[in-house]
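Here is how the chains run, residue by residue.
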Amino acid sequence: MNFPEGFLWGTATASYQVEGAVNEDGRGPSIWDTFSHAPGRVYRGDTGDIACDQYHRLKGDLDLMAEFGIKAYRFSVAWPRIQPEGSGPVNQKGLDYYRRLVEGLHERGIEPMLTLYHWDLPQPLEDRGGWTSRETSERFAEYTGIVYGSLADSVRFWVTLNEPWVSSWLGYGVGVHAPGYRSISKALAATHHLLLGHGLAMQEMRSRGNSGVHNQLGITLNLSPVRPSRDREPDREAARRVDGQANRLYLDPIFRGSYPEDILDHYSSENDFSFVRDGDLKTISSPIDFLGVNYYMRHMVREDAAGTDDVFSSARVRVVIPHGAEKTAMGWPIEPEGLTELLLRLDREYMKLPIYITENGCALNDYVDPEGCVNDEERIAYLEAHLRAAHEAMAGGVDLRGYFAWSLLDNFEWAEGYSKRFGIVYVDYPTQRRIPKTSARWYAGVIGRNGLED
Ligand code: FCB
């Protein structure tokens, strides 16, 4: 099963999850520093203070990627390294670090994909309202201009935001992520200002022009097909609401320049959307060059008028795990066919743009065995099944250009701390030793033959 020539085989990480060095070279505090240090927020009180220490171990990690023939690396820039205050003065040492990272990738023939925002908002901006405030969208565009001005000559792929749904709903809606609010009204305001920030950042980058490396600009969304658990109208309605909140609330403004009416209606008692100003949707729907898709699971839901404790309670639903479904260590059902379904839907309903799967992977209870190996056969099965599903979508006409395994390394898994391991490389945290798992060798084989064995 072959993939097209030039298919971009990558791995992904994010700044706060791997860098550590939170107080070095002028970096300011982010909302994740504050959140992880607040008691009771993150599993066992874990923080990203040290994480994988990639800030100091950059060369080793780059060499590791080269060893496995990885063709692309998706990383994110920590805004508080670039602007410790979230606005104003630029910290040159922060820019220098990412310049070293990008040059190190090029020296090894690895294509960089840069994400501008993977959740580490500078704390001073949160103190002024964070993403519930329009000011943050404007500051984000300025910050984008600084990073783009510095690196556009050597980074081709630019992702504005990673998963605005997670930032809004987990961060401001149900509070399991930084900054930890529990307010539907705030989540809706954050959604709009994140999307506006994306649009303004797109305009900022476009206005600076193409640097000659043929810059490709896009956004990454986490998307999940949604289906009812029972074949009855209230459950179908429930599925429609979750699809609206999780998928259409982001896809519609970006690709159609409008918010989904049914979802505005559903949330009208929470918020009157007066934060949407004339021209905003035009900005948000500024043309992009590609869509990044993070796929982890499908959602199966049923109506639940009381709402339950999970993230979709505001949609008055309960999430149901399909009977007999295999699950990852996160408890997420393994449903590779959902990826085919998702990609075909995007192609049919939204756009014909190139798509990159910017994240896909699974957490397992990995451990180092007495021989010193981490044998993660289940991860190989997971990745392989999803690659087959992606291939099937390509056969159905989807213009898929690349795939990034989440993650290169085990890392700080947000509210789960270090308890959940997603890497194809194991990290022994106390020694920071990297131990490639069996899946890393398998992935190297896939990349080498540009496809899967039949
Ligand atoms: C995604 C995040 C990424 C990682 C994976 C498991 O939602 O973008 O940082 O935590 O989930």
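Scroll up to find the structure this text is about.
Since we're looking at a predicted model, the values are computed, not measured.

Conventions used here
- Residues numbered from 1 in each chain as written.
- Predicted model: local features only at pLDDT ≥ 70, side-chain atom pairs only at ≥ 80, totals over all residues.
- Heavy atoms only, no water.
- Pairing = 2+ DSSP bridges.
- Helix = DSSP H or I, 4+ residues; strand = E, 2+ residues; numbered from the N terminus.
- Axes fitted to C-alpha atoms, helices over the stretch in contact; angles between N-to-C directions.
- Contact = heavy atoms within 4.5 Å.
- Core = buried A, V, L, I, M, F, W, Y, C linked by side-chain atoms within 4.5 Å.
- Buried < 20%, exposed > 50% of the residue type's maximum accessible area, 1.4 Å probe, protein only.
- Near = heavy atom within 4 Å.
- Polar contact = N/O pair within 3.5 Å; in protein donor to acceptor, adjacent residues only side chain to side chain.
- Areas by Shrake-Rupley, 256 points an atom, 1.4 Å probe, with all protein chains shown as cover.
- Nonpolar A, V, L, I, M, F, W, Y, C, P; charged D, E, K, R; others polar.
- Parallel < 35°, antiparallel > 145°, perpendicular 65-115°, else oblique.
- Left-handed = near helix turned anticlockwise from the far one by under 90°.
- Phe/Tyr/Trp six-rings, centres within 6.5 Å; stacked < 30°, edge-to-face > 60°.
- Lys NZ or Arg CZ within 6 Å of the ring centre and 35° of its normal.
- Salt bridge = Lys/Arg side-chain N within 4 Å of Asp/Glu carboxyl O.
- Expected span 1.5 Å × (residues − 1).

Draft legend 1. Region of the structure containing the sheet that holds strand β8 (residues 299–303). With mixed pairing, three strands are arranged side by side in an open sheet as β6-β8-β9. At either margin of the open sheet sits one strand with a lone partner, and together these are β6 (226–228) and β9 (317–319). On average, each strand axis in the sheet is inclined to that of its neighbour by 40°, with strand direction left out of account. Contacting β6, β8 and β9, helix α10 (residues 233–256) crosses the sheet at an angle of about 130° to β8.

Draft legend 2. Region of the structure containing the nonpolar core. The biggest cluster of nonpolar side chains holds 145 residues, and the ones touching the most others in it are W32, Y117, W158, L346 and Y443. Among the elements that make up this core, the one with the highest residue count is helix α9 (residues 184–208) (10 residues). With near-sequence residues (within four places) excluded, Y117 lies in contact with I31, W79, W131, F140, T160, L161, N162, S167 and L194.

Draft legend 3. A look at the site of the ligand. Around the ligand sit Q17, H118, W119, N162, E163, Y296, E359, W406, E413, W414 and F422, and those are all the residues in its vicinity. One of the side-chain N or O atoms of H118 is found 2.8 Å from an oxygen atom in the ligand. One of the side-chain N or O atoms of E413 is found 2.7 Å from an oxygen atom in the ligand. Protein burial of the ligand: of its 290 Å² of free accessible surface, 95% is covered by the chains. Tallied by class, the residues present in the shell around the ligand amount to five nonpolar, three polar and three charged.

Draft legend 4. Examining the environment of G212 more closely. Mapped onto the secondary structure, G212 falls in the loop between α9 and β5 (216–222). Taking the C-alpha atoms as reference points, G212 and A152, separated by 60 residues in sequence, lie 8.7 Å from one another.

Draft legend 5. Inspection of the pairing of β5 at higher detail. Of all seven residues that make up β5, seven are buried, and the element is covered over most of its length. Here β5 shows no split at all, with Q216, G218, T220 and N222 on one side and L217, I219 and L221 on the other all buried. Judged from the four bridges that link them, strand β4 (residues 157–162) and β5 form a sheet pairing that is parallel. Opposite N162, over in β5, you have T220 as the bridge partner. Note that β5 and strand β7 (residues 290–294) share five bridges and pair parallel. Bridging from a neighbouring strand, I219 pairs with L291 of β7.

Draft legend 6. Structural view of the environment of G171. Looking at the element boundaries, G171 is found in helix α8 (residues 164–173). Take G171: its relative accessible area is 0%, and that puts it in the buried class. In sequence terms G171 and A187 are 16 residues apart; their C-alpha atoms lie 7.7 Å from each other. Here G171 is in contact with V166, H177, A178, P179, G180 and Y181, once residues within four sequence places are set aside.

Draft legend 7. Representation of the packing of helix α5 (residues 92–107) against helix α7 (residues 134–151). Orientation of α5 relative to α7, taken along the N-to-C sense of each, is 45°, at an axis distance of 11 Å. By the angle class used here, α5 and α7 are oblique. Between α5 and α7 the crossing geometry is right-handed. Touching L95, Y98 and R99 of α5 are I146, V147, S150 and L151, all from α7.

Draft legend 8. Just the packing of aromatic side chains, in detail. For the structure on display, the rule yields 40 aromatic pairs. Aromatic pair Y16 and F412: ring centres 5.3 Å apart, planes at 90°, arrangement edge-to-face. Of this pair, Y16 sits in helix α1 (residues 15–18) while F412 sits in the loop between β11 (400–406) and β12 (425–428); the two residues are 396 residues apart in sequence, bridging distant segments of the chain. Per residue, the accessibility class of Y16 equals that of F412, and both read buried. Judged by centre distance (6.0 Å) and plane angle (15°), the rings of Y172 and Y181 are stacked. Three or more aromatic residues link up through ring pairs in this structure, and these residues are Y16, W32, F35, W119, F412, W414, Y418 and Y429. The cationic tip of K186 hangs over the ring face of Y181; the distance from NZ or CZ to the ring centre is 4.8 Å. Positioned above the aromatic ring of Y426, the side-chain terminus of R421 is 4.0 Å from the ring centre.

Draft legend 9. Spatial organisation of the pattern of salt bridges. The final tally for this structure, using the stated rule, is 41 salt bridges. In this structure, D61 engages R434 in a salt bridge whose closest nitrogen and oxygen atoms are separated by 2.9 Å. With D61 in helix α3 (residues 58–67) and R434 in strand β13 (residues 433–436), this residue pair connects regions lying 373 residues apart in the sequence. Each member of the pair, D61 together with R434, is buried. With a shortest N-O distance of 3.6 Å, D252 and R256 are connected by a salt bridge. A residue pair is termed a helical-turn pair when its members lie 3 or 4 positions apart in one helix, as D252 and R256 do in helix α10 at four residues. Among the residues examined, R256 registers a relative accessible area of 44% and is labelled partly exposed.

Draft legend 10. Focus on the side chain of Q216. Position of Q216 among the secondary structure elements: in strand β5. Within the structure, Q216 has its side chain in polar contact with the side chain of H214 (distance 3.3 Å). Among all residues touching Q216, those that are not within four sequence positions of it are R156, F157, W158, D289 and F290.

Draft legend 11. Representation of α5 in the model. Under the 1.5 Å per step criterion, the end-to-end length of α5 is 22 Å for 16 residues, consistent within 8% with the ideal 22 Å. Those residues of α5 that are buried are in contact with α1, α3, β2 (72–76), α4 (79–82), β3 (111–117) and α7. Residue G109 follows α5 closely and has a positive phi angle near 70°.

Any functional reading would require information beyond the geometric quantities listed.
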